[in-house]
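# Secondary and tertiary structure notes
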Amino acid sequence: MKRICSLFLTLLMILALSAPAGAVNNDIPSEKIIDGRSVYSYSMGEIQGLLLDFFEGNNISLEPGTRAYYSYICEQLLGNTDEELRSSPYWKLFHAYMAVYKNEAELAYWTDYHVSLLIDDYTILSENTVQDFVSDDSFLTSTIGSIRNEMLAMDAVAASERETSGISPLSSYSASAAIAYAREYALDYNDNYESWTIARGGDCANFASQCLYAGGKPMHGTCSSSGRYTDTTKWFHLQFGTLIKSYGYTTTWISCGDFKRYWQGKCSGYYLKSSLPDLIETCSAGDIVQLCNEDTIVPYHTIIITYNNGSTIKYCGHSYDRLDEEGTATVLKPTENDFLIFKF
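In this report, the structure presented in the accompanying data block is examined. (Residues numbered from 1 in each chain as written. Predicted model: local features only at pLDDT ≥ 70, side-chain atom pairs only at ≥ 80, totals over all residues. Heavy atoms only, no water.)

### Remarks on the overall build of the protein chain
- For the protein chain, the count of helices and strands is 15 helices and 11 strands.
- Classification of the 344 residues of the protein chain by burial places 51% in the buried group.
- Long-range pairs, those at least 24 residues apart, make up 66% of the contacts in the protein chain with a sequence separation of at least 6.
- Roughly 15,000 Å² of accessible area belongs to the protein chain as shown, and the carbon and sulfur atoms make up 53% of that amount. (Helix = DSSP H or I, 4+ residues; strand = E, 2+ residues; numbered from the N terminus. Buried < 20%, exposed > 50% of the residue type's maximum accessible area, 1.4 Å probe, protein only. Contact = heavy atoms within 4.5 Å. Areas by Shrake-Rupley, 256 points an atom, 1.4 Å probe, with all protein chains shown as cover.)

If you want it as structure tokens, here you go:
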């Protein structure tokens, strides 16, 4: 029955995208037309080609599927270091593509660091995994519109399941405890958990998960050995050993996309907002917020709100570590991002 509902909702989203412009998440403004086409019609393969053309014209030697390419994409999403790229007429397309690419590629780069030291060809193995998806037709032919439909359908199914099954929060949640943890470990990482640099996948969702756990949300599931587990119905991070540490963890704990898949149907409130004023009005201290591309709604960065006085918000986060950073328009970039708010 759930599968039928999911297919039905997906069909509704597809029909909505092909309907008049105002049917898709508010009216589609004129600036969403690039080279005479709706941004929703561009495929990942087309945008990747445009990005490679930009690289060639600016003497940048990067190839899809490599660790350097992934790191560059993370730098642009989180640090905006290449001003030439941001000034490109295709920047809106590039941003949409990079959010999707990061979501797909990051899983290939996460591994237990202490185990990876023992594997001489780890880098080769992980980059071969990324090469597989960047050359796959399902990635290259997917459009911004089809990805957006998938995200909206996922949100609708989660909301429906939460309402019809009476799902309630898994436990009480102390926002103050979560915030205290966030402030303590925003800049000084907790060595009871594995951590990941941007080049190795990024640490933002891992840190947000730690904050939720510190706030009282219990882990769900277990494992008997270290490694990465892709079961999106579980949420845990376990340590093995003391002198030589290793870790077992789910992708729902460490990945922006899988964190969303796990929690959007289990939190007490879930909201999609497209402006900074709406974000400030809706979120509270202790909430988790994900930055997502405004066109695909694919999340690429996860933070925890630590302060909100009704006009100003502050947050903590990893991957570009932040301690009570003020959430200004310059920092959160609402002109290119939407915001997913998780309340617990």
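Now that the structure has been shown, the text picks up again.
### Section: the sheet that holds strand 3 (residues 227-229)
- Pairing is mixed in the open sheet, where 3 strands are placed in the order 3-5-4. Of all strands in the sheet, those bounded by a partner on one side alone are strand 3 and strand 4 (237-240). Each adjacent strand pair in this sheet contributes to an overall mean axis angle of 10°, direction not counted.
- Bridging between strand 3 and strand 5 (residues 246-250) involves 3 bridges; their strand directions are parallel. Among the inter-strand pairings, glycine 227 is bridged to a residue of strand 5, identified as glycine 248. (Pairing = 2+ DSSP bridges. Axes fitted to C-alpha atoms, helices over the stretch in contact; angles between N-to-C directions.)

### Let's talk about the packing of aromatic side chains
- If you walk through the whole model with that rule in mind, you get 23 aromatic pairs.
- Taking 5.7 Å as the distance between ring centres and 80° as the angle between the ring planes, the aromatic pair formed by phenylalanine 259 and phenylalanine 342 counts as edge-to-face. You can see phenylalanine 259 sitting in helix 13 (residues 256-263) and its partner phenylalanine 342 sitting in strand 11 (residues 337-343), a full 83 residues away along the chain. Of the two residues, phenylalanine 259 and phenylalanine 342, neither departs from the other in class, the shared state being buried.
- Plain terms: the ring middles of tyrosine 262 and tryptophan 263 are 5.0 Å apart, the flat faces sit at 90° to each other, and that makes the pair edge-to-face.
- You can call tryptophan 263 buried: its relative accessible area is 0%.
- Ring pairing ties together the aromatic residues Phe54, Phe55, Tyr69, Tyr72, Tyr90, Phe94, Tyr97, Tyr101 and Phe139, which thus form one cluster.
- One Lys or Arg, arginine 37, reaches over the ring of tyrosine 42 and ends 4.0 Å from the middle of that ring.
- Cation over ring: lysine 314 sits above tyrosine 307, and NZ or CZ is 5.3 Å from the ring centre. (Phe/Tyr/Trp six-rings, centres within 6.5 Å; stacked < 30°, edge-to-face > 60°. Lys NZ or Arg CZ within 6 Å of the ring centre and 35° of its normal.)

### As for the nonpolar core
- Core analysis: the biggest nonpolar cluster contains 81 residues, and Tyr97, Tyr101, Phe207, Leu279, Ile304 and Leu332 have the highest contact counts within it.
- Ranked by residue count, the leading element in this core is helix 5 (residues 91-109), at 10 residues.
- Those residues in contact with phenylalanine 207 that sit more than four places away from it in its chain are Tyr181, Ala182, Tyr185, Ala186, Ile304, Cys316, Gly317 and His318. (Core = buried A, V, L, I, M, F, W, Y, C linked by side-chain atoms within 4.5 Å.)

### A short note on the pattern of salt bridges
- Going through the model one piece at a time under the given rule, you end up with 12 salt bridges.
- Between glutamate 336 and arginine 86 there is a salt bridge whose closest N-O contact spans 3.4 Å. Taken together, the residues glutamate 336 in the loop between helix 15 (329-332) and strand 11 and arginine 86 in helix 4 (residues 83-86) connect sequence positions 250 residues apart.
- A relative accessible area of 26% means that arginine 86 is categorised as partly exposed.
- A salt bridge links aspartate 258 to arginine 261, with the shortest nitrogen-to-oxygen separation between them at 2.6 Å. Of the two residues, aspartate 258 and arginine 261 are both situated in helix 13; the distance of 3 residues between them amounts to about one turn of the helix.
- A relative accessible area of 8% places aspartate 258 in the buried class. (Salt bridge = Lys/Arg side-chain N within 4 Å of Asp/Glu carboxyl O.)

### Some thoughts on the packing of helix 11 (residues 204-214) against helix 13
- For the pair helix 11 and helix 13, interaxial distance at closest approach is 9 Å and the crossing angle is 35°. Note on element contacts: helix 13 touches helix 11 through Cys256, Phe259 and Trp263, opposite Cys204, Ala205, Ser209 and Leu212.
- Of the residues contributing to the contact of helix 11 with helix 13, the split by class is 6 nonpolar, 1 polar and no charged. (Nonpolar A, V, L, I, M, F, W, Y, C, P; charged D, E, K, R; others polar.)

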